Structure formats: structure tokens, C-alpha cells
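# Overview (structure and organization)
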Amino acid sequence: PYTTLFRSKVRQYKIEAFLVGDDYAENLKKLVAAIEKRPTTFPLRSSSVLVHPYLGNLRVVATGIRYKEVKSEGRMARVELSFVEAGLEPAPPITTGQQLGKAEKATEAADVALAENLEENLETTGVVEEVRAATADALRSVGNVLKDLDVFSGLTADVAALGFQTTQMINTAAGLAVAPATLATTFLGVLDGIDAAAGNALGALSAYNSLLGLSPALDGGTSVTALLADANTLLVFDFMRGATAGRAVQAAIQVEWESLDDALAGQGRITDQIDDLLERATDAVYPLLQDVRATAANGVPAPGQSLPSVVTLTLPGTVPALVLASTLYDQARREGEIVLRNRVRHPLFLPGLTPLEVLSG
């Protein structure tokens with residue numbers, strides 16, 4: 001069967017195929033190698049030609065392969081190949097440093113626009129206590145999430161500094177609720193402390209994702225006070241999440257991803273949050289958040305990273321993880337990777353007749 005999917009005007013192709021015969025295992029290994037082979041310029045790589053059974057020659061980029069071997073079916077493997085339509089041949093590759101520089105520049109521009117939007121639209125004059133309290137609660141909720149995170153393994157001084165900044169933001173939230181310029185400066189200062197306190201890009205990204213995933217607690221009422229409180233709360237959250245998104249992109253560019261699937265999933269978590277923000281963004285903020293989103297789409301995974309994909313295999317029976325690691329990679333030490341990815345209870349007993357995820361290389 002052949003499937004053509006259409007999304008965002010980019011054509012995607014999925015082909016289900018079979019490898020049959022005494023040499024199917026060898027041919028499967030060659031097929032996986034061909035699909036996974038990437039030059040050092042990935043993902044900015046040239047396309048290949050797919051000879052489609054009824055659409056003819058197509059210029060595509062291979063995005064994945066899944067295969068399944070079942071003992072009861074004999075000398076055969078079922079294979080699912082995925083491709084996306086290629087555009088024009090890419091320009092010379094951009095380095096990770098250049099892509100990170102673009103993300104930093106886009107983040108700085110977005111920070112300015114988001115802060116200006118907060119100052120212009122946050123209602124602070126003559127508002128009742130309920131409105132001020134709602135705005136302050138938004139700040140406290142973010143601060144409390146940061147205090148509860150267990151991802152900060154940087155230098156003790158940096159962790160302590162972030163803790164102090166976060167505590168100060170929580171303690172002064174009531175005053176910040178009616179001082180949008182100070183609120184913006186305070187929160188951006190907290191964000192700038194996360195990277196150092198985390199000690200590594202993955203830890204920083206985890207912290208940023210925790211903030212991006214927060215949802216504001218809205219009153220939902222129809223009174224003037226309730227509507228104003230909700231508007232202020234949503235405005236503060238959009239400011240904080242918008243500023244966080246740019247830093248999440250920078251961290252994601254620097255993460256040493258284990259697989260292409262993990263990198264694209266990380267990219268998707270960030271771009272999905274930015275898409276949500278774009279639905280409410282003002283004309284001044286919208287294009288700058290779009291720029292931040294583009295740096296995520298183009299920079300995660302970072303240019304030059306040649307990453308394996310996650311593939312699924314089914315073992316005919318129970319085997320130790322060490323044996324599978326030796327068979328797949330000629331490296332028994334990678335047994336832990338298999339156990340962790342599949343959440344196996346005991347490394348000596350990888351379950352048979354159950355789909356398992358492993359890296360292609």
C-alpha cells in the first residue's frame with residue numbers, strides 16, 4: 001500500500017514494503033543504512049530520487065524507517081518507509097554557532113517587543129485588589145514551578161543566585177503586578193539565571209519546557225473585574241512564555257540529542273507552544289515570535305548533527321539486553337540505552353513478540 005499525506009503544503013509519502021528470501025536480513029541492513037545515511041550538512045542536505053510505484057520519480061528526503069520481523073512469518077521483514085517532498089537544493093550549510101547566533105538575535109528582538117506590549121496593555125491604573133492579585137498570582141505560579149524543579153546541577157553559586165532571584169520575584173509579586181516595566185526586567189533576569197544554574201543545555205531546556213507548559217488560572221467570570229483580571233493574567237503569561245520560548249530554542253540547539261526522533265520531538269514541543277502564542281500575538285509581536293519559531297525549525301537538531309533514528313523491532317523470544325546491544329551495535333555497553341528507552345524491568349529479559357524501540361546506529 002502507498003499513502004500520500006498533505007500537511008502545510010508539504011507532501012509526505014509512506015510506503016509499506018516487504019523484504020523476502022534467505023538474504024532478507026542482509027538486505028534489510030543495507031536498506032536501513034541507505035535511509036539513515038546523512039552527510040555532515042544534515043538537515044540541510046540534498047534530496048534523493050524516489051522511484052514511486054505510480055507517481056514516478058520524486059525528489060524527496062527520507063525521514064524514517066520502521067521494520068518488523070516476526071518469527072512465524074519466516075524469511076520476511078515488513079518495512080514502512082517515510083519521505084517528504086524536497087524543495088530547492090539547499091544553500092551552503094549553516095554552522096551550529098551561526099544558528100545559535102540567529103536564535104539569540106531573534107530572542108532579543110522578541111524580548112523587547114513582548115516587554116513593550118506588556119507595558120502598553122497591562123491594566124495597572126485604578127484596578128481593584130482582585131485584579132492586582134490575579135497578576136501577582138501569575139508571577140508566583142511561575143516562581144513556584146522553578147523552585148520545585150530538580151534540574152539545576154550547575155555551580156552552587158549560580159544555583160543559589162537563581163534561587164534568590166526567584167524568591168525575590170515571588171515576594172515582590174504584588175508590587176510587580178502594577179509595575180509592568182519592572183516586572184519584565186525581573187522575569188527576564190530570572191530566565192537569564194536558568195542557563196547557568198542548570199549547568200547543561202538539557203537541564204536548561206527541561207526548565208524552559210516546564211514554564212512553557214504552564215496554563216494560566218483564569219477566573220472565567222463575566223463581571224468587569226473578572227474580565228480585567230483574566231486579561232492581565234493572560235497577558236503576563238504570554239509575556240513570560242514568549243520570552244521563555246526563545247531561550248528554549250537556544251538550549252535545544254545545544255543539546256546533544258540521542259536520536260533524530262528525540263530532536264524533532266523537542267523541536268515540536270517548542271514550536272507548538274509558540275503556535276499557541278501566535279494565536280493571540282499583536283501585530284508588533286507576531287513577526288518576531290515567527291522569527292523565533294523559524295530558528296527552532298531550522299536549528300533543532302543543530303546543523304551538522306548526524307543522528308540515528310528510532311526504529312522498532314520485535315524479537316522472536318526473550319533475550320538479554322547485552323546480547324541485543326552486541327548484535328545491533330557490536331557494543332555490549334549500550335545495553336543500558338536499550339533498557340532505559342524501553343523501560344525494561346530487568347536487563348536480562350527483553351520481552352519477545354513485543355515491539356521494542358532501538359536506535360538505528
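The structure reproduced in this document is the subject of the present report.

Analysis parameters
Residues numbered from 1 in each chain as written. Predicted model: local features only at pLDDT ≥ 70, side-chain atom pairs only at ≥ 80, totals over all residues. Heavy atoms only, no water. Phe/Tyr/Trp six-rings, centres within 6.5 Å; stacked < 30°, edge-to-face > 60°. Lys NZ or Arg CZ within 6 Å of the ring centre and 35° of its normal. Helix = DSSP H or I, 4+ residues; strand = E, 2+ residues; numbered from the N terminus. Expected span 1.5 Å × (residues − 1). Contact = heavy atoms within 4.5 Å. Buried < 20%, exposed > 50% of the residue type's maximum accessible area, 1.4 Å probe, protein only. 1 Å grid on protein atoms, 1.4 Å probe; cavity = no way out; pocket = protein on both sides within 12 Å on 5 of 7 lines; lining within 4 Å. Points joined across faces, edges and corners; volume = space filled by probe spheres on them. Nonpolar A, V, L, I, M, F, W, Y, C, P; charged D, E, K, R; others polar.

### Some thoughts on the packing of aromatic side chains
In total, this model carries 1 aromatic pair according to the counting rule given. The residue whose ring lies beneath Arg-334 is Tyr-329, and the NZ or CZ to ring-centre distance is 3.6 Å.

### A look at helix 2 (residues 96–121)
With 26 residues, helix 2 should reach 38 Å at 1.5 Å per residue; the first-to-last C-alpha distance of 37 Å fits that figure. Residues of helix 2 that are buried make contact with helix 6 (180–198), helix 8 (224–254) and helix 10 (286–299).

### Observations concerning the environment of Arg-78
Note on placement: Arg-78 falls in strand 5 (residues 76–85). A residue is classified by how much of its surface remains accessible, and Arg-78, at 37% relative accessible area, is partly exposed. In sequence terms Arg-78 and Glu-16 are 62 residues apart; their C-alpha atoms lie 7.4 Å from each other. Filtering out sequence-adjacent residues up to four positions away, Arg-78 remains in contact with Ala-17, Phe-18, Arg-66, Tyr-67, Lys-68 and Glu-73.

### Brief notes about empty space enclosed by the protein
Scanning all chains against the criterion turns up 1 cavity of 30 Å³ or more. In this structure, the largest cavity occupies an estimated 30 Å³ of space. Taken together, Val-142, Phe-187, Leu-211, Leu-214, Phe-237, Met-240, Arg-241 and Thr-244 form the lining of the largest cavity. In terms of residue count, the dominant contributor to the lining of the largest cavity is helix 8 (4 residues). Its residues placed into classes, the lining of the largest cavity shows 6 nonpolar, 1 polar and 1 charged.

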